[in-house]
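Listed below, chain by chain, are the residues.
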Amino acid sequence: QVQLVESGGGLVQAGGSLRLSCVASGSIISSNAMAWYRQAPGRQRELVAITTRGGSTNYADSVKGRFTISRDNAKNTVYLQMSSLKPEDTALYYCNTYPASSYYWGQGTQVTVSS
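None of the values given here were measured: they were computed from a predicted structure. (Residues numbered from 1 in each chain as written. Predicted model: local features only at pLDDT ≥ 70, side-chain atom pairs only at ≥ 80, totals over all residues. Heavy atoms only, no water.)

1. Here we look at the overall build of the protein
Counting secondary structure elements, the protein contains zero helices and 10 strands. Reading the protein from its N terminus to its C terminus gives the helix and strand order β-β-β-β-β-β-β-β-β-β. Its C-alpha atoms give the protein a radius of gyration of 13 Å, within 12% of the compact-globule value 13 Å for 115 residues. In the protein, which comprises 115 residues, the proportion classed as buried is 43%. (Helix = DSSP H or I, 4+ residues; strand = E, 2+ residues; numbered from the N terminus. Rg over C-alpha atoms; globule rule 2.2 N^0.38 Å. Buried < 20%, exposed > 50% of the residue type's maximum accessible area, 1.4 Å probe, protein only.)

This is how it looks when you write it as structure tokens:
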């Protein structure tokens, strides 16, 4: 059973940085487009960033220029480098395939940005 495990979240002040990691227990990352998603309290889950199998990337307008998604297929890992964090980035962050599969939702990693 393939699992995706997110880590790297935490509490940071506005303007700070964090790097999230998503490790797969199988080869799902190398064979799929992957994405980071987030869900803030009382809001729907939203797409944050995508990396295709070929390494192309795309970002939500709200994070463009501040977040960078990358992948290391040899390590079965996807990263999200987050800089210039804002309080509105506070959310539970998840990785999944793109499009997302209900099979792969993990526990997520909490990011809290204080003002």
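Let us keep going from here.
2. Observations regarding the packing of aromatic side chains
Inspection of the entire model under this criterion finds three aromatic pairs. Relative to W105, the ring of Y37 has its centre 5.2 Å away and its plane inclined at 75°; by these criteria the two rings are edge-to-face. Residue Y37 is found in strand β4 (residues 34-39), and its partner W105 is found in the loop between β9 (91-97) and β10 (109-114); the two are separated by 68 residues along the sequence. By relative accessible area, Y37 is classed as buried at 7%. Residue classification places W105 among the partly exposed positions, given a relative accessible area of 29%. Relative to Y104, the ring of Y103 lies with its centre 5.1 Å away and its plane at 80°, an arrangement referred to as edge-to-face. Through a chain of ring-to-ring contacts, the aromatic side chains of Y37, Y94 and W105 assemble into a single cluster. (Phe/Tyr/Trp six-rings, centres within 6.5 Å; stacked < 30°, edge-to-face > 60°.)

3. Some thoughts on the pairing of strand β7 (residues 67-72)
Burial along β7 is one-sided: F67, I69 and R71 are buried, and none of T68, S70 and D72, which face the opposite way, are. Hairpin connection from β7 to strand β8 (residues 77-82): four residues lie between these consecutive antiparallel strands, with N76 at a positive phi of about 50°. (Pairing = 2+ DSSP bridges.)

4. Focus on the sheet that holds β7
Taking strand neighbours across the sheet as the criterion, the four strands line up as β1-β3-β8-β7 in an open arrangement whose pairing is antiparallel. Edge positions in the sheet fall to β1 (4-7) and β7, since each of these pairs with one other strand and no more. Mean inter-strand twist for the sheet, computed between neighbouring axes without regard to direction, equals 15°. One ladder, built from six bridges, connects strand β3 (residues 18-24) with β8; its direction is antiparallel. Note that in β8 the partner of L18 across the bridge is M82. (Axes fitted to C-alpha atoms, helices over the stretch in contact; angles between N-to-C directions.)

Such coordinate-based values are descriptive only and should not be taken to indicate function.
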